[in-house]
Amino acid sequence: MGKTLSIIKPDAVSRGLIGEVIKRFENNGIRITAMKMLKMSKKQAQGFYAVHREKPFFESLTDFMSSGPVVAMVLEGDNVIEKNRTLMGATNYKEAAEGTIRRDYATDIEKNIVHGSDSPETAEFEISYFFNQFELVD
Ligand code: UDP
Ligand code: MG
């Protein structure tokens, strides 16, 4: 059973899309084993996206991610990293497949509704960034 970190980004929270995103996970056999709403500080967002610190979009991305509340979740299931990435769709919503979360709701390459870990190593780092072991249900 794999684990991944999902974040419902500030654009989705402010637009009332929390339920819509969660419904897609639940309808696709993904189990939520931890969940919290929080507002990241600029520093927290910079730490979370440290792999992107040299990218031209880093400043804007970390401003956006610290601009309002997000919902962080641990998702579990078979091949959940890939499964979640498939449900999310491509980073650029214009290139995302039909029926994906980003294709249906994103408005911008940055404001693209959801985050999902991209590998087991990233998932481990990202889960521990928001959750301790006692916050995950069995
Ligand atoms: N992003 C952006 N401009 C880009 C690429 C990415 O603003 O040209 C933002 C976008 O919000 C994306 C996040 O940076 O979700 C992290 O980028 P990554 O390439 O890791 O995409 P993801 O894994 O989220 O699909
Ligand atoms: Mg990524």
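Residues numbered from 1 in each chain as written. Chains lettered and ligands numbered in written order. Predicted model: local features only at pLDDT ≥ 70, side-chain atom pairs only at ≥ 80, totals over all residues. Heavy atoms only, no water.

## Observations concerning the overall build of the chain
Helix and strand counts for the chain come out as 7 helices and 4 strands. Along the chain direction, N to C, the helices and strands of the chain fall in the order β-α-α-β-α-α-β-α-α-β-α. Relative to its length of 138 residues, the chain is compact, with a C-alpha radius of gyration of 14 Å against a globular reference of 14 Å. Seen along its three principal axes, the alpha-carbon backbone of the chain occupies a region of about 35 × 35 × 25 Å. Put simply, 77% of the contacts in the chain that link residues at least 6 apart link residues at least 24 apart. Working note: accessible area of the chain is about 7,300 Å², and carbon and sulfur atoms make up 51% of it. Placing the 18 positive and 20 negative side-chain charges of the chain at their respective mean positions leaves the two points 4 Å apart. (Helix = DSSP H or I, 4+ residues; strand = E, 2+ residues; numbered from the N terminus. Rg over C-alpha atoms; globule rule 2.2 N^0.38 Å. Contact = heavy atoms within 4.5 Å. Areas by Shrake-Rupley, 256 points an atom, 1.4 Å probe, with all protein chains shown as cover. Lys, Arg positive; Asp, Glu negative; His and termini not counted. Charge placed at Lys NZ, Arg CZ, Asp CG, Glu CD.)

## Some words on helix H4 (residues 58–65)
All buried positions along H4 are accounted for by Phe-58, Leu-61, Thr-62, Phe-64 and Met-65. Here the buried residues of H4 occupy an arc of 155 degrees about the axis, which is enough to place them on one side. Packing partners of the buried residues in H4 comprise strand E1 (2–8), helix H1 (10–14), helix H3 (42–48) and strand E3 (70–77). (Buried < 20%, exposed > 50% of the residue type's maximum accessible area, 1.4 Å probe, protein only. Arc of directions from axis to C-beta.)

## Side note on the sheet that holds E1
Within a sheet, each strand pairs with its neighbour through backbone hydrogen bonds, oriented either parallel or antiparallel. Taken in spatial order, the 4 strands line up as E2-E3-E1-E4 in an open sheet, and their pairing is antiparallel. Strands at the two margins of the open sheet, each flanked by one partner only, are strand E2 (31–38) and strand E4 (114–116). Across the sheet, the mean angle separating the axes of adjacent strands is 20 degrees when strand polarity is ignored. Pairing geometry for E2 and E3, over 7 bridges, is antiparallel. (Pairing = 2+ DSSP bridges. Axes fitted to C-alpha atoms, helices over the stretch in contact; angles between N-to-C directions.)

## Comments concerning the side chain of Glu-126
Here Glu-126 lies in helix H7 (residues 120–130). No salt bridge is formed by the buried Glu-126; its nearest oppositely charged neighbour, Arg-85, is found at 7.5 Å. In this structure, Glu-126 is in contact with Leu-5, Phe-48, His-115 and Ser-117, ignoring residues within four places of it in sequence. (Salt bridge = Lys/Arg side-chain N within 4 Å of Asp/Glu carboxyl O.)

## Overview of the packing of aromatic side chains
Here the distance between the centres and the angle between the planes together describe a pair of aromatic rings. Taken as a whole and assessed by the stated rule, the structure comprises 5 aromatic pairs. Ring plane angle 85 degrees and centroid distance 5.0 Å describe the contact between Phe-48 and Tyr-49, whose orientation is recorded as edge-to-face. Assigned by exposure class, Phe-48 and Tyr-49 land together as buried. (Phe/Tyr/Trp six-rings, centres within 6.5 Å; stacked < 30°, edge-to-face > 60°.)

## Brief notes about the site of ligand 1
In the vicinity of ligand 1, the residues found are Lys-9, Tyr-49, His-52, Phe-57, Leu-61, Arg-85, Thr-91, Arg-102, Ile-109, Glu-110 and Asn-112. With respect to ligand 1, the side chain of Lys-9 contributes an N or O atom lying 2.9 Å from an oxygen atom. The fraction of the free accessible surface of ligand 1 (500 Å²) that becomes covered by protein chains is 81%. A molecule is said to occupy a pocket when more than half its atoms come within 2 Å of that pocket's grid points, and by this definition ligand 1 occupies the largest pocket. (Near = heavy atom within 4 Å. Polar contact = N/O pair within 3.5 Å; in protein donor to acceptor, adjacent residues only side chain to side chain. 1 Å grid on protein atoms, 1.4 Å probe; cavity = no way out; pocket = protein on both sides within 12 Å on 5 of 7 lines; lining within 4 Å. Sits in = over half its atoms within 2 Å of the grid points.)

## Brief notes about helix H2 (residues 18–27)
Among the residues making up H2, those that are buried are Val-21, Ile-22, Arg-24 and Phe-25. The buried residues of H2 occupy one face: seen down the axis, they fall within an arc of 155 degrees. For H2, the exposed residues set more than 90 degrees away from the buried face come down to Gly-19, Glu-26 and Asn-27. Against the buried residues of H2 lie E1, E2, E3, helix H5 (80–88), helix H6 (101–105) and E4. Residue Gly-29 follows H2 closely and has a positive phi angle near 75 degrees.

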